[in-house]
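Here are the chains, one letter per residue:
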Amino acid sequence: MRGFEKVHDACGLFGVIDRSGSRFDSDMVVTAMKNMKVRGNGLGGGFAAYGIYPDFKDYYALHVMLETPEVRKDVESFLEKNFDVVNAEEIPTNSEANVFRPPVFWRYFVMPKNDEGDDYVVSKVMEINTKIDGAYVISSGKNMGVFKGVGFPEDIAEFFLLHEYRGYMWIGHSRFPTNTPGWWGGAHPFNILDWSVVHNGEISSYGTNKRYLEMRGYFCTLLTDTEVMAYAVDLLMRKQGLPIEIVAKILAPPMWDQIGRMDEKSKKIYTALRITYAPLLINGPWTIIVARHGEMFGITDRIRLRPITSGEKGDLFFVSSEEAAIRAVCGELDRVYTPMGGEPVVGRLYKFEKAERRSQRGEVFA
Amino acid sequence: MKFLLKKEEMFSFMLPEFLVERRGDRCIKCRVCERQCGFGVHSYDEMSNTMRADEMKCVGCQRCAVMCPTKALIIRPHPSDYRPNANWTREKIQDLKKQAESGGVILTGSGCDKPYRIYWDHIVLNAAQVTNPAIDPLREPMELRTFLGRKHDKLEFSFDGGEVELVTELYPNVQIETPILFSAMSYGAISYNAFKSLAMAASEYGTLFNTGEGGLPKELRKFGKNAVVQCASGRFGVDPEYFNVAAIVEIKIGQGAKPGIGGHLPGEKVTKPISETRMIPEGTDALSPAPQHDIYSIEDLSTLIYALKEATNYEKPVSVKIATVHNVAAIASGIARAGADIIAIDGIRGGTGAAPKIIRDNVGIPIELAIASVDERLRREGIRNKVSLIAAGGFRNSADIVKAIALGADAVYIGTPALIAMGCTLCQKCHTGICNWGICTQDPQLSKRLNPEIASKRLVNLLKAWSNEIKEMLGAMGINAIESLRGNREMLRGVGLQEWELEVLGIKGAGE
């Protein structure tokens, strides 16, 4: 035990994607987070940006947090042993920024030895996080990165010199922990491979979810319940290949009463989902935004105990805790939509909206 | 000399267990107590127009006290006692004297009454405050629906032209509306009316009763879809229809009250209807061997599991019930790998119709520790979802059940609570065949005291009350579906437990 096993959160969330794939700077996401200042308390802020490393887009970009500078050589000898490291550098930071006891961040662009793939990277990330004391991989996807720490989001953005990056999709998080280890690794987003999750809420099913995920090889080390969201999504979407529309019904399934009123076919599918994936029902109040390359979705809990709103303007798609935050960066919107509990709102690159992708959703989940 | 006992006759040195106090100012000599007592405690002396009591026969079942129209009777533990001795308690001395007089194994009924630590009373529950809203079960849906059976690791779908089809075929699962089932209590051990009451209540509430090893009478097969039918070492009442009318087929290996011990229904209890149901001659002893003689190993168990699956066309989950012994976790893991869909574990406080007292009180481990270690072991081996885990033995209220589910059980079997709901007072005389409450007897005069319409209503009320309480506790935790409690040990904290106990239970101490 290196601190609290679970942190109670309130929080503000925001995500924006340019569906045409054009890249843009951090302006919108930082402004939106500032607008929701009251949803945080300066004890955590963070961002995930997609499309920021086009020069190294085929390599896993590992952002590693080092609590002490000495631990770096352990990390590097571990990486050398298991990966081909094509580039290593300290992540540039602004020492003037108003943040709390920053650790050191390095990034490594790596390729697994022996043509190993995603599962290998996940297991090595788990190994670093559980075995190398004081070192945490905070993001491990390709052509993306997570920047997070203890401070208000705008201070974190300043610390990491975020305005120097350009991505086609950004998500942000402002944190209001009610008890906190004041710990940089505990800030959002949480990431594994190119999956990033920001979360507002407290998961009352945490113990159930965590123990199920442990059975599947995911070990929660980052001391917060948001981690189970990231791992659940990784298990269901990456490993089991389920589309967002089905995953949403696993995390936030309809009530049995509602299922009872469905037609036979839907009833069968929803019942099978609830029977099989009962340990992954995420209970309690929560809203999450999940991003991976090409798409992003927001969803809130089955009885809608936490807020979420989405908006669209041209190629831009927004999802946020508050409409005000969206309006703060884009006053005129073509469409504003507030989903029901358990109903995902999805923003995708147009090139991903191909026929086969659409067909994956199916009418049962439309 | 005629007043003396014959030389070889023994005078009993036993003290009475209960004191019968009759308040003369209230007693109207109506003789209700005399008629109600199957043990023959009360009698009326016409000569003196007085009611008398033979206290040596009183078992403290309270039937007379409850039925007395003027409440003239007080039955309480007898105050006469030996010199206080922490080592030689009254019970130990009495048991020894009884054996010196009889030379027999002492039999008893009900569950272990010894003060082994009751972990339920050292575990407290969590509730939501501020950061997580509590949910009001009176105003919002609160789901207790539970499915028993093997679960897949993942589901596969096909997506053709916008049509979603479920490709995976689910294993058989049985739906129950509350995670509370009635424990195995056989027709023979309990009366027909008690047995029927359990079946009726399970059917009305949408849960399951368990036939025990005494078969299922033909006319009650309409309750089959709410029945767990047992296949035990005596194979009583077993035929293809018995399995196929049931919801679940259960192989009984052991029972919490008497691990390693078989069963014995004496011939005098094997009446005509019981002989027909059990398929044995009337009046013969129904002997259940200690082991199942075709199961001497885990591979033998697997053979029987698959034989039962074959017999039921792979349409029903097969459960294996064991008593919680020291290496229960390893055994459970073997059972899961042998192909069982459900594992039922029965703790040291589980009840019985008859068992050697020395076994009941000394063999097995508490169910709390067993649930925790079995659940943890199955998870560590990655096979927890391959079986449902039903815990039995020692549940006294709905909080015990919530704690059991949070430790890792899918559902619980309740036996003793169901009996108490029907009238049982835990006098522990089930093995005598006399039950003044009409529950654990085959005496037609006694068993007709239990009206299935009324007794099943009491049972349904109990299920309803406990289910509502479970909903209250879930809502307070900010949870609205029972599956989010299952294995959620974050919701539990230990009070007054040692480090090793917290570790086995997998919970933190309060304040941590």
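A quick note: this is a predicted structure, and the numbers were derived from the prediction, not measured.

This part covers the overall build of chain B. A tally of regular secondary structure across chain B gives 15 helices and 23 strands. Taken over C-alpha atoms, the radius of gyration comes to 25 Å for chain B, in line with the 24 Å a tight globule of 512 residues would show. Along the longest, intermediate and shortest principal axes, the C-alpha atoms of chain B span 100 × 55 × 40 Å. Looking at chain B as a whole, 56% of its 512 residues are labelled buried. Looking at chain B alone, contacts between residues at least 24 apart form 69% of all its contacts between residues at least 6 apart. Put simply, chain B shows about 22,200 Å² of open surface, and 55% of that area lies on carbon and sulfur atoms. Of the side-chain charges in chain B, 62 are positive and 60 negative, and the distance between the mean point of each set is 7 Å.

Moving on, we come to the pattern of salt bridges. Taken as a whole, this structure holds 64 salt bridges over all chains when the rule is applied. Measuring nitrogen to oxygen at the nearest pair gives 2.7 Å for the salt bridge that ties aspartate 375 of chain B to arginine 384 of chain B. In terms of burial, aspartate 375 of chain B and arginine 384 of chain B fall into one category: buried. Salt bridges linked by common partners bring Arg211 of chain A together with Asp375, Glu376, Arg379, Arg384, Asp410, Arg486 and Arg489 of chain B together as one network.

Note that predicted coordinates carrying low pLDDT should not be read in detail. Per-residue confidence for chain B gives a mean pLDDT of 96, with 99% of residues at or over 70. Interface confidence for the predicted complex, expressed as ipTM, amounts to 0.92; the pTM equals 0.92.

This paragraph deals with the sheet that holds strand β8 (residues 169-174) of chain A. All names here are of chain A. On the basis of which strands lie adjacent, the open sheet formed by seven strands has the order β7-β2-β8-β1-β14-β13-β15 and antiparallel pairing. Edge strands, defined here as strands with exactly one partner in the open sheet, are β7 (144-149) and β15 (335-337). Strand after strand, the sheet turns through a mean of 10 degrees between neighbouring axes, direction not considered.

Structurally, the α-helix is built with 3.6 residues per turn, so residues lying three or four positions apart point the same way. Residues and elements named next belong to chain B. With 13 residues, helix α3 (residues 90-102) ought to run about 18 Å at 1.5 Å a step, and its terminal C-alpha atoms sit 18 Å apart, in line with that. Of the positions making up α3, those classed as buried are Arg90, Ile93, Gln94 and Asp95. Of the surrounding secondary structure, the elements contacted by the buried residues of α3 are α9 (357-360). A positive backbone phi angle near 70 degrees is found at glycine 103, which sits one or two residues after α3.

Moving on: the nonpolar core. Ranked by size, the top nonpolar core spans 123 residues in total, and within it Phe182, Phe209, Ile345, Ile371 and Ile439 of chain B carry the most contacts. Ranked by the residues each element gives to this core, the list is headed by helix α14 (residues 452-477) of chain B, at 10 residues.

Before going further, it helps to spend a moment on the sheet that holds strand β4 (residues 83-90) of chain A. The pairing of strands in a sheet comes from backbone hydrogen bonds and takes either a parallel or an antiparallel form. Residues and elements named next belong to chain A. If you trace the four strands from one edge of the open sheet to the other, you get β4-β5-β3-β6, paired in antiparallel fashion. Edge positions in the sheet fall to β4 and β6 (135-139), since each has one partner strand and no second. Taken pair by pair, the neighbouring strands of this sheet meet at an average axis angle of 30 degrees, ignoring direction. Pairing geometry for strand β3 (residues 60-66) and β6, over four bridges, is antiparallel.

A few words now on the packing of aromatic side chains. Residue and element names in this part refer to chain A. Throughout the structure, instances matching the rule amount to 21 aromatic pairs over all chains. Seen from their ring centres, tyrosine 136 and tryptophan 183 are 4.9 Å apart, and the 85 degrees between their planes marks the pair as edge-to-face. One end of the pair, tyrosine 136, is in strand β6; the other, tryptophan 183, is in the loop between β8 and β9 (190-192), and 47 residues separate them in sequence. Summarising the burial analysis for this pair, tyrosine 136 and tryptophan 183 share the class buried. Geometrically, the ring pair formed by phenylalanine 159 and phenylalanine 160 is edge-to-face, given 4.9 Å between the ring centres and 80 degrees between the ring planes. The same class applies to phenylalanine 159 and to phenylalanine 160, which are both buried. Taken together, the ring pairs in this structure connect Tyr53, Phe56, Phe105, Phe109, Phe147, Phe159, Phe160, Tyr165 and Trp184 into an aromatic cluster.

Turning our attention to the packing of helix α5 (residues 206-215) of chain A against helix α6 (residues 226-239) of chain A. Residue and element names in this part refer to chain A. Axis separation between α5 and α6 bottoms out at 10 Å; the angle between their running directions is 45 degrees. Classified by the angle their axes make, α5 and α6 are oblique. Helix-helix and strand crossings are classified by hand; for α5 and α6 the assignment is left-handed. For the pair α5 and α6, the contacting residues are Tyr206, Asn209, Lys210, Tyr212 and Leu213 in the first and Val228, Tyr231, Ala232 and Leu235 in the second.

The interface of chain B with chain A comprises 47 residues on the first partner and 46 residues on the second. Both faces combined, the contact of chain B with chain A buries some 3,900 Å², and carbon together with sulfur accounts for 56% of it. Run the count over chain B and chain A and you get eight salt bridges. With a closest N to O distance of 2.7 Å, arginine 274 of chain A and glutamate 143 of chain B form a salt bridge.

So, about the state of the cysteines. Residues and elements named next belong to chain B. Under the defined criterion, the tally for this structure stands at zero disulfides over all chains. This cysteine, cysteine 64, is not joined by any disulfide, and cysteine 58 carries the nearest cysteine sulfur, 6.3 Å off. Judged by its relative accessible area of 10%, cysteine 64 is buried.

Here chain A averages 89 in pLDDT, while 92% of its residues score no lower than 70. Counted against residues more than four places away or in other chains, residues 1-9 of chain A, with its pLDDT under 50, gives 48 contacts.

Across the junction of histidine 188 of chain A and proline 189 of chain A, the peptide omega takes the value -5 degrees, indicating a cis bond. With respect to the element layout, proline 189 of chain A can be found in the loop between β8 and β9. Notably, glutamine 62 of chain B is not glycine yet its phi reads approximately 70 degrees, a positive angle. Structurally, glutamine 62 of chain B can be placed in the loop between β3 (50-53) and α2 (63-67). Its relative accessible area of 26% is what places glutamine 62 of chain B among the partly exposed residues.

Right, let's talk about the packing of α5 of chain A against helix α10 (residues 367-380) of chain B for a bit. Where α5 of chain A meets α10 of chain B, the axes come as close as 8 Å, and the angle between the chain directions of the two elements is 45 degrees. By the angle between their directions, the pair α5 of chain A and α10 of chain B is classed as oblique. For the pair α5 of chain A and α10 of chain B, the contacting residues are Arg211, Tyr212 and Met215 of chain A in the first and Asp375, Glu376, Leu378 and Arg379 of chain B in the second.

Residue and element names in this part refer to chain B. Looking at the secondary structure, you find glycine 393 in the loop between β20 (388-392) and α11 (398-407). A sequence separation of 176 residues divides glycine 393 from proline 217, and the C-alpha atoms of the two residues are 26 Å apart. Apart from residues lying up to four places away in sequence, glycine 393 is in contact with Asp346, Gly347, Arg349, Gly350, Ile367 and Tyr413.

Reading guide: rules and limits
- Position numbers for residues count from 1 along each chain, tracking the sequence in the order it is written.
- All chains are assigned letters beginning with A, and all ligands numbers beginning with 1, in the order in which they are written.
- A pLDDT threshold of at least 70 governs which residues receive local features in this predicted model, and a stricter bar of 80 or more applies before side-chain atom pairs are shown or counted, although totals over entire chains, interfaces and linings include all residues.
- By convention in this description, side-chain values take in all heavy atoms of the structure and omit both hydrogens and water.
- Secondary structure elements are defined from DSSP: runs of H or I of at least 4 residues count as helices, runs of E of at least 2 residues count as strands, and each element is numbered from the N terminus.
- Based on C-alpha atoms, the radius of gyration is set beside the globule rule, defined as 2.2 Å times the residue count to the power 0.38.
- Exposed residues in this analysis have more than 50% of their type's maximum accessible area, buried residues have under 20%, and partly exposed residues fall in between, with area computed by a 1.4 Å probe over protein chains only.
- Between two residues, a contact is recorded if the distance between any of their heavy atoms is within 4.5 Å.
- Here the Shrake-Rupley method, with its probe set to 1.4 Å, supplies the accessible areas, and only the displayed protein chains count as covering residues.
- For the purpose of counting charges, residues Lys and Arg are taken to be positive, whereas Asp and Glu are taken to be negative. His and the chain ends are not included.
- We put the charge of a Lys on NZ, of an Arg on CZ, of an Asp on CG and of a Glu on CD.
- By definition here, a salt bridge exists when the distance from a side-chain nitrogen of Lys or Arg to a carboxyl oxygen of Asp or Glu is within 4 Å.
- For every residue, the predictor reports its confidence as pLDDT, a number between 0 and 100.
- DSSP calls a pair of strands paired once it identifies at least 2 bridges connecting them.
- For every element, the axis is a line fit to its C-alpha atoms; helices are fit only across the contacting stretch, and the angle between N-to-C directions ranges from 0 to 180 degrees.
- Multiplying one less than the number of residues by 1.5 Å gives the expected span of a helix.
- Each nonpolar core is a collection of buried residues, namely Ala, Val, Leu, Ile, Met, Phe, Trp, Tyr and Cys, held together in the definition by side-chain atoms within 4.5 Å.
- The aromatic pairing rule takes the rings of Phe, Tyr and Trp, using the six-membered ring of Trp, and pairs them if the centres are within 6.5 Å, calling planes under 30 degrees apart stacked, those over 60 edge-to-face and the rest tilted.
- What sets the label is the angle itself: under 35 degrees gives roughly parallel, over 145 gives roughly antiparallel, 65 to 115 gives roughly perpendicular, and the rest give oblique.
- Each helix crossing is assigned a hand: it is left-handed if the near helix lies turned anticlockwise from the far helix by less than a right angle, otherwise right-handed if that turn is clockwise.
- Once two parts are brought into contact, the accessible area they lose, counted with a 1.4 Å probe and summed over both, makes up the buried area.
- Pairs of cysteine sulfur atoms within 2.5 Å are what we label disulfides.

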